[in-house]
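Spelled out, the chains give:
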Amino acid sequence: MPFAFRFRHAVLAFACATATAAWSAPDQRIATLAAQEKQPFLQSLSQFVGIETGSRDREGLDRMAALVADKLKALGGEVRIVEPGGPESPEVYRMEDTPEKIGPMVQATWHGTGTRSILLIAHMDTVYLRGMLARQPFRVEGDKAYGLGIADDKQGIAVIVHALSMLQKLDFHEYGKLTVLINGDEEISSPGSRAMITKLASEHDFVLSHEGSSITNDKLSLATAGIASASIKVQGKASHAGSAPERGVNALVEMAHQVLQNRDLSDPTTGLKLNWTLAKAGTNRNVIPAQAQADADVRVTRVADYDRVERELRERIKKQLVPEAKVDLTFERRRPPLEGNAAGMALARHAQQISTTELGRSLGADDQVAGGGTDAAFAGLSGKPGVVERFGLQGYGAHSADAEYVLLDSIEPRLYLVTRLVMDISRGQVGGK
């Protein structure tokens, strides 16, 4: 039986069982600390939102990295700021839009008395340009906290920092190794941090990723989409369109042919999607275009589908309508899919049990891919750790300029949940050992 089907069946059965499960009182120590951390949590969010950290804003990212590093040092972590491309993380996957200077990573490690290892990840970069913060500064209104980048993903950093604060106050050290990695390039497909995330994750038993959850459906994810881009570039020859069109080689015509013959590569049975979304050609109306380019967005749910679709594209572009034109394909694997495994399922089910029976809150979990990709996929690439996404707060408006917020009433439950999970994983209560 395929893992995906087994997972859906198991989680559905678990959801039905826990829906009527008896209420179990929460751990009062953890619940009290979660309540006490709420105001400091909001203060951290205000600090984080107050620093503009667009993926290409290196000055802002450096400031944010220093702030996060200071907070983690204050909690007893062995902290270092890692430079992408430097000696500690030399591997960089450069794409067409990768900036020369990539945002740094903050890595922190705690060594305990146990054997289980846990990795907590989030990202500090945003999609926004410098100067946009003035339109959406941090503010609290009613049951919401607003701010640029607050949902994606500055709340995730705050969840990690304040869950660690709770563990410190509990004097909890029963893990073998507890690691935090905060990267500064997620919104540009993590060119400088992907190798580090994959390496660190392969050295840990479980990975909790802290992208936010939905305001309408609080749900953990065990699968995310893989994202790639395909670019067909055609080189032709310019000539006057009126007096000597026959002397030209029309790159636009060949590009149109390539798009049309590669328009049917999507495969609903596997979740593969390839859609041509951008095109450009020519310089003047009266000139046969010498260059043309078409770009496609590619989404996959299985790593193997990258090989399949790239191979098919490379074979098909050999069939040209304008034989004199030169056709090249660039295929960039911007982000792999996260494919669920049994360890991830065990972690998700344990989280559901805590949320339902101790917090009285419904928490979904499945491996349905919604289309977006996250760094959890790099964490799961080795297939070793159990990886679960969306341990962040419930939020709304990611990538919007004026409506991004998180729900205040999700702060305490998430701090409780993440803290409990670190403790239970450390004690061997998740997935066995």
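Since we're looking at a predicted model, the values are computed, not measured.

Asker: How should I be thinking about the sheet that holds strand β12 (residues 273-281) in this particular structure?
Answerer: Hydrogen bonds along the backbone pair up the strands of a sheet, which may run parallel or antiparallel. The strand order across the open sheet built from four strands is β12-β14-β10-β15, with neighbouring strands paired in antiparallel fashion. Two strands in the sheet have a free side with no partner beyond their single neighbour: β12 and β15 (326-335). Direction aside, neighbouring strands of the sheet carry axes that sit 15 degrees apart on average. The pairing of β12 with strand β14 (residues 291-300) spans eight bridges and is antiparallel. Residue K280 lies in a different strand from β14, and its bridge partner there is Q293. Strand contacts of helix α6 (residues 251-261): β10 (226-235), β12, β14 and β15, with the helix running at about 20 degrees to β14, the strand carrying the most contacts.

Asker: Explanation requested: α6 in the structure shown.
Answerer: Counting along an α-helix, one turn takes 3.6 residues, and residues three or four places apart therefore face a common direction. When α6 is considered as a whole, its buried residues turn out to be A251, E254, M255, H257, Q258 and Q261. Buried residues of α6 fall within an arc of 160 degrees about the axis and therefore sit on the same side. Against the buried residues of α6 lie β10, β12, β14, α7 (304-316) and β15.

Asker: Can you walk me through the sheet that holds strand β17 (residues 386-388) in this structure?
Answerer: Spatially, β1-β2-β6-β3-β7-β17 is the arrangement adopted by the six strands of the open sheet, whose pairing is mixed. Unpaired on one side and paired on the other, β1 (78-82) and β17 mark the two borders of the sheet. This sheet shows a mean twist of 15 degrees between the axes of neighbouring strands, independent of strand direction. By the bridge criterion, five bridges tie β1 to strand β2 (residues 105-111) in an arrangement that is antiparallel. Across the sheet, residue E78 finds its bridge partner in β2, namely T109.

How each quantity is defined
Residues numbered from 1 in each chain as written. Predicted model: local features only at pLDDT ≥ 70, side-chain atom pairs only at ≥ 80, totals over all residues. Heavy atoms only, no water. Pairing = 2+ DSSP bridges. Helix = DSSP H or I, 4+ residues; strand = E, 2+ residues; numbered from the N terminus. Axes fitted to C-alpha atoms, helices over the stretch in contact; angles between N-to-C directions. Contact = heavy atoms within 4.5 Å. Buried < 20%, exposed > 50% of the residue type's maximum accessible area, 1.4 Å probe, protein only. Arc of directions from axis to C-beta.

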